Amino acid sequence: MLKVGLVSISDRASSGVYEDKGIPALRDWLAAALASPFAVVSRLIPDEQPQIEAALKALVDEEGCQLVLTTGGTGPAARDVTPEATLAVADREMPGFGEQMRQISLRFVPTAILSRQVGAIRKQALILNLPGQPKAIKETLEGLRGADGQVEVPGIFAAVPYCIDLLDGPYIETHETVVKAFRPKSAQKKPD
């Protein structure tokens, strides 16, 4: 079974100034998108690099998460240190994920180029820094559809199941009405 770590990074939400919307948005999206069983482990923490690094390490090394999704802390402000924390604990960077997220967001706002989201691998886990807003989280994961319902710009989650396969994780299936997982034919399981 897929184990997913969800990390919402926000000074104000972690101190109770306002309700965190990142983790609920991620949980709801995963519930709608994944056809395979999954479990979630969540963390709500402030924009502090040592705490972000500790949370990412714990989710991968101790909890055994194969996928970790973060939300928040990826802008240019001095307190936005999620990418630095992610890269500090990473074994390898996966730059295509950040590039695709910015491409999707640029369809909506010119300030998408200010985002510093990254994707990285730590041991057996894929770590992805997502936007902070629920609408942007959904768009970057799912992609963009035209008026006819066809995918015009693929979301990043289309590549996640195959990446998890390559990291020797569980075989993940998705609900194609939300996001279609892409795998080469040689990596697709035959239906039972």
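See the structure shown above.
What you see is a predicted model, and the numbers here were worked out from it, not measured in a lab.

Conventions and cut-offs
- Residues numbered from 1 in each chain as written.
- Predicted model: local features only at pLDDT ≥ 70, side-chain atom pairs only at ≥ 80, totals over all residues.
- Heavy atoms only, no water.
- Salt bridge = Lys/Arg side-chain N within 4 Å of Asp/Glu carboxyl O.
- Helix = DSSP H or I, 4+ residues; strand = E, 2+ residues; numbered from the N terminus.
- Buried < 20%, exposed > 50% of the residue type's maximum accessible area, 1.4 Å probe, protein only.
- Phe/Tyr/Trp six-rings, centres within 6.5 Å; stacked < 30°, edge-to-face > 60°.
- Lys NZ or Arg CZ within 6 Å of the ring centre and 35° of its normal.
- Disulfide = S-S within 2.5 Å.
- Axes fitted to C-alpha atoms, helices over the stretch in contact; angles between N-to-C directions.
- Left-handed = near helix turned anticlockwise from the far one by under 90°.
- Contact = heavy atoms within 4.5 Å.
- Nonpolar A, V, L, I, M, F, W, Y, C, P; charged D, E, K, R; others polar.
- Pairing = 2+ DSSP bridges.
- Patch = residues over 30% accessible without salt bridge, like charges linked within 9 Å, V, L, I, M, F, W, Y side chains within 5 Å.
- Areas by Shrake-Rupley, 256 points an atom, 1.4 Å probe, with all protein chains shown as cover.

This paragraph deals with the pattern of salt bridges. Under the defined criterion, the tally for this structure stands at nine salt bridges. With its nearest N and O atoms 3.4 Å apart, the salt bridge here joins D61 to K123. Of this pair, D61 sits in helix 3 (residues 49-62) while K123 sits in the loop between strand 5 (119-122) and strand 6 (125-130), and the two are 62 residues apart along the sequence. The shortest N-O distance in the salt bridge between E142 and K138 comes to 3.1 Å. Of this pair, E142 and K138 both sit in helix 6 (residues 134-142), four residues apart, roughly one helical turn. Residue E142 is classed as buried on the basis of its relative accessible area, which comes to 14%. Taken together, the shared-partner salt bridges connect K3, R43 and E63 into one network.

Summed over the entire model, instances satisfying the criterion amount to one aromatic pair. Relative to F157, the ring of W29 has its centre 5.0 Å away and its plane inclined at 65 degrees; by these criteria the two rings are edge-to-face. Note that W29 is positioned in helix 2 (residues 22-33) and F157 in the loop between strand 8 (151-154) and helix 7 (160-166), a separation of 128 residues in sequence. F157 sits in the buried class, given a relative accessible area of 0%. Its guanidinium or amino end placed over the ring of Y171, R183 lies 3.7 Å from that ring's centre, counting from NZ or CZ.

So, on to the state of the cysteines. The final tally for this structure, using the stated rule, is zero disulfides. C65 takes part in no disulfide bond, and the closest cysteine sulfur, belonging to C163, lies 15 Å away.

The next point concerns the packing of helix 2 against helix 6. Each pair of packed helices gets described by two things: the angle between the helix axes and the distance between those axes. One way to put it is that helix 2 packs onto helix 6 with a least axis distance of 9 Å and a crossing angle of 35 degrees. Every pair of crossing elements has a handedness; the one defined by helix 2 and helix 6 is right-handed. In this structure, helix 2 uses G22, A25, L26 and W29 to contact helix 6, whose residues at the interface are P134, I137, K138, L141 and E142. Taken together, the residues that form the contact of helix 2 with helix 6 break down as six nonpolar, one polar and two charged.

In this section: the sheet that holds strand 5. Strand order in this open sheet of six strands is 2-1-3-6-5-4, and the pairing throughout is mixed. Across the chains shown, the open sheet's two edge strands, defined by having one partner strand only, are strand 2 (38-45) and strand 4 (92-93). Pairing analysis gives two bridges linking strand 4 to strand 5, with the strands arranged antiparallel. Bridge pairing in strand 5 places E93 opposite A120. This element, helix 3, spans strand 1 (2-9), strand 2, strand 3 (67-71), strand 5 and strand 6 of the sheet and lies at about 165 degrees to strand 2. In the packing of helix 5 (residues 95-106) onto the sheet, the strands contacted are strand 4, strand 5 and strand 6, and the crossing angle to strand 6 comes to about 25 degrees.

A cluster of nonpolar side chains, namely L106, I113 and L114, defines an oily patch on the protein surface of about 290 Å² accessible area. One can find I113 in the loop between helix 5 and strand 5.

With that settled, the discussion passes to the pairing of strand 5. The two faces of strand 5 match: G119 and I121 on one face and A120 and R122 on the other face are all buried. Direction of pairing for strand 5 relative to strand 6: antiparallel, over a ladder of four bridges. Of the residues in strand 6, the one forming a bridge with A120 is I127. Linking two consecutive strands that pair antiparallel, namely strand 5 and strand 6, is a turn of two residues; a positive phi of about 55 degrees is found at K123 within it.

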